[in-house]
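# Architecture at a glance
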Amino acid sequence: MLKEVIIEAWLALRRSRTRSALTMLGIVWGIASVTLLIAYGNGFRTVLTHAFDAFGRSAVICWPQQTSDQAGGQRAGKRVRFEQADVNLIKQTAPLVKHVCMESVKNLPMAYGERMVNPAVRGVCPEYGDMRNEVPTEGRWLTAADELERRRVVFMGNRVKEQLFSGRNAVGETVLIGGMHFTVVGVMDKKMQLSNYFTSDDRSVWIPYSTAGDLWNTRYAGVIVFEPVAPQFEKQAEAQVLAAVAERQGFSPTDKKAIQMFGREEFRPVIDGITIGLQVLLTFIGALTLGIGGVGVMNIMLVSVDERIREIGLRRALGARKRHIAMQFLAETLVLMCLGGAIGIALSYVISVAVGTLPMLGPLFEDTSGKGDIRLQISGFTVVLSTMVLLVVGVITGLVPAIKASKLDPVEALRYE
């Protein structure tokens, strides 16, 4: 039954090929718009998420503040200071913390030959590289041996490397930091990140925390950086870190104003708010464009109903029921929509390949590699979502002419001239 209805619908459309083809153009453009706009929204979310992930997928930064609650006889307003003893206690009492270390920062002159820059020199632990996503493209990151032996080695951000070495290889070269000789052991690739603290990673260099003590007083750290065992445990890990520091420094473990923590959960509402809102807006615009094409299909099918009134009357006289007539015209509409949809999705693939990438973060970070640009990649989910929108529009636009055709009186239809 269904097969016969579809075949009859196809034959009916073939009788008016030009009209059917022109009507399908609106559907082709509409479904291509939906597909490309959804692909753009997905690409935008991917780039934005990657830019936030560059900060560190699970890194949490702890800033020392002042206490606001009185506990154990301590006065409110006591200044919190991070020391190595705090880190040791966190490691002992916070099972949800995977890595933790102190970070101390100071801007110092850094020279190579006749060139000089003034980057942020950051004393950190070996685990910091994994937590903050500091991936070397040349050389290596700092090791536990560097920290243990207080080696004078430095890992450089991309912009610092360009300023000192231009296009030359920096690994193995000796630079002066604060008047002391350091060996360059690694260089980070250009990092496109939308969040940072102190300064951008591209304009920073990293040395072992123990070595930083040779350049400035590192007894008190600027911040503590830690990573939970899994992203979903970030809030619980923050509570354990707060409790550990509070226990050692004698303030209330519920005093959240004593330590300001900034982690991935702070980014999530920003990412979701921007990307989900944009994706919904683009899908709505695409669906609206497709809906306009659907109105054209509805109009043509209503004209088709008027042209085939006698045919409808004859079918009813031969025993066809209302649902059969309605199914026939609904099938014709859906065949028209599906053919246009298939062509539109194929066209969207061609357009996506032709366009390739669209600039987004590349110009902002002076990057020409394309890593920060939006790629119009049409996924299976995009095709499924576009098809669902197409079917919804097709059913809505097909019901109006189908209902009109099914409600025609058989006797009046046969008399129609």
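Here, the structure is the one placed above.
Residues numbered from 1 in each chain as written. Predicted model: local features only at pLDDT ≥ 70, side-chain atom pairs only at ≥ 80, totals over all residues. Heavy atoms only, no water.

## Some details on the nonpolar core
Ranked by size, the top nonpolar core spans 28 residues in total, and within it Tyr 128, Trp 141, Leu 142, Tyr 197, Trp 206 and Val 225 carry the most contacts. Take this core: its biggest share by element is five residues, from helix α2 (residues 17-53). If sequence neighbours within four positions are ignored, Trp 141 has contacts with Val 124, Cys 125, Pro 126, Tyr 128, Gly 129, Glu 134, Pro 136, Asp 146, Phe 155 and Trp 206. Ala 94, Ile 224, Phe 226 and Phe 251 belong to the second largest nonpolar core, which has 26 residues in total. (Core = buried A, V, L, I, M, F, W, Y, C linked by side-chain atoms within 4.5 Å. Buried < 20%, exposed > 50% of the residue type's maximum accessible area, 1.4 Å probe, protein only. Helix = DSSP H or I, 4+ residues; strand = E, 2+ residues; numbered from the N terminus. Contact = heavy atoms within 4.5 Å.)

## Focus: the pattern of salt bridges
Two side chains that carry opposite charge are able to pair once their charged atoms sit near each other. This structure, assessed with the given rule, holds 16 salt bridges. The partner of Glu 83 in a salt bridge is Arg 248, with the nearest N and O atoms 3.2 Å apart. Here Arg 248 lies in helix α8 (residues 234-249) and Glu 83 lies in the loop between β1 (60-64) and α3 (84-93), a separation of 165 residues in the sequence. By relative accessible area, which is 35% here, Arg 248 ends up partly exposed. Lys 191 is the partner of Glu 134 in a salt bridge, and the nearest nitrogen-oxygen pair spans 3.1 Å. Here the residue Glu 134 occupies a position in the loop between α4 (128-131) and β6 (136-139), and Lys 191 occupies one in the loop between β9 (180-188) and β10 (204-208), the gap between them amounting to 57 residues. Taking the relative accessible area as the measure of exposure, Glu 134 reaches 3% and is therefore buried. Residues participating in the shared-partner salt-bridge network are Glu 103, Arg 122, Arg 132, Glu 134, Lys 191 and Asp 201. (Salt bridge = Lys/Arg side-chain N within 4 Å of Asp/Glu carboxyl O.)

## Points about the environment of Ser 195
Of note, Ser 195 is situated in the loop between β9 and β10. Ser 195 sits in the buried class, given a relative accessible area of 9%. Along the primary structure Ser 195 and Phe 52 are separated by 143 residues, whereas in three dimensions their C-alpha atoms are 6.5 Å apart. Setting aside its immediate chain neighbours within four residues, Ser 195 contacts Phe 52, Phe 55 and Phe 267.

## Some thoughts on the state of the cysteines
Applying the stated criterion across every chain yields a total of one disulfide. Each sulfur in the disulfide pair Cys 101 and Cys 125 lies 2.4 Å from the other. Taking the sign of the S-S torsion, about -75° here, the bridge from Cys 101 to Cys 125 comes out left-handed. Placement of Cys 101 in strand β2 (residues 97-107) and of Cys 125 in the loop between β5 (120-124) and α4 is noted, with a sequence separation of 24 residues between them. Given the relative accessible area of 3%, Cys 101 is considered buried. (Disulfide = S-S within 2.5 Å.)

## Quick notes on unusual backbone geometry
Peptide bonds are trans in most cases, and residues, glycine excluded, mostly fall at negative phi. Of note in this structure, Asn 133 is not a glycine but carries a positive phi near 60°. Along the polypeptide, Asn 133 turns up in the loop between α4 and β6. A positive phi angle is found at Ser 166, which is not glycine, with a value near 55°. Here Ser 166 shows up in the loop between α6 (158-165) and β8 (174-177). Note on Ser 166: relative accessible area 33%, which makes it partly exposed.

## Points about the pairing of β10
Of all five residues in β10, five are buried, a share of seventy percent or more. Of the strand pairs in this sheet, β5 and β10 are connected by five bridges, and their pairing is parallel. If you follow Val 124 over to β10, its bridge partner there is Pro 208. (Pairing = 2+ DSSP bridges.)

## Some thoughts on the environment of Ala 111
Here Ala 111 lies in strand β3 (residues 110-112). A residue is classified by how much of its surface remains accessible, and Ala 111, at 14% relative accessible area, is buried. Not counting the four nearest positions on each side in its chain, Ala 111 is found in contact with Met 116, Val 175 and Leu 176.

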